[in-house]
Amino acid sequence: MLGVFEIYVGEYEVRASRDQVYVHIPRKLADQLGTRRVVIDATINAELCEDKSLHGRRMIFPATLTPVGQTYRLKIPSRYRELARYKDCVKLRISLAPRLS
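Parameters and conventions
- Residues numbered from 1 in each chain as written.
- Predicted model: local features only at pLDDT ≥ 70, side-chain atom pairs only at ≥ 80, totals over all residues.
- Heavy atoms only, no water.
- Helix = DSSP H or I, 4+ residues; strand = E, 2+ residues; numbered from the N terminus.
- Buried < 20%, exposed > 50% of the residue type's maximum accessible area, 1.4 Å probe, protein only.
- Pairing = 2+ DSSP bridges.
- Axes fitted to C-alpha atoms, helices over the stretch in contact; angles between N-to-C directions.

## Some details on the environment of Leu48
Tracing the chain through its elements places Leu48 in the loop between β4 (37-45) and β5 (58-64). Residues Leu48 and Ala63, spaced 15 residues apart in sequence, show a C-alpha to C-alpha distance of 27 Å.

## A word on unusual backbone geometry
We note that Arg18 has phi near 55°; this positive angle belongs to a residue other than glycine. Position of Arg18 relative to the elements: it lies in the loop between β2 (15-17) and β3 (20-26). For Arg18, a relative accessible area of 86% corresponds to the exposed category.

## A look at the sheet that holds β3
Strand order in this open sheet of 4 strands is β2-β3-β7-β6, and the pairing throughout is antiparallel. Each edge of the open sheet is held by one strand with a lone partner, namely β2 and β6 (66-68). Going from strand to strand, the sheet's axes swing by 40° on average, the running direction of each strand aside. Taken together, the 6 bridges between β3 and strand β7 (residues 71-76) define a ladder with antiparallel strand orientation. Within the sheet, the bridge partner assigned to Tyr22 lies in β7 and is Lys75.

## Focus on the sheet that holds strand β1 (residues 7-13)
Pairing is antiparallel across the open sheet formed by 4 strands, whose spatial order is β1-β8-β4-β5. Sheet topology places β1 and β5 at the edges, where each strand pairs with a single neighbour. Averaged over all neighbouring strand pairs, the angle between strand axes comes to 30°, with direction disregarded. Alignment of β1 against strand β8 (residues 91-98), held across 6 bridges, turns out to be antiparallel. Counterpart to Glu11 in the pairing with β8 is Arg93.

Dropping the structure here:
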């Protein structure tokens, strides 16, 4: 658990562009927090990958949700860049909590 108020927003496909890895989260879910400065708690679902070494790994990191159309883009930190190699088979189970500082 990240904090007093945390919401599970679902499981989302990983996308990659150049050297960035990200996911898109529907605005109507993320707006429940009342802030775009969040802490992300994500678990990797790699059940569909041939290499399941990432399956079940948990990632916790601060982020700022960036508006893109009817979604927010959530950039994954560069230390998790290896997810780009698995973008066709990996999904992230994501929970959000407001960032307190």
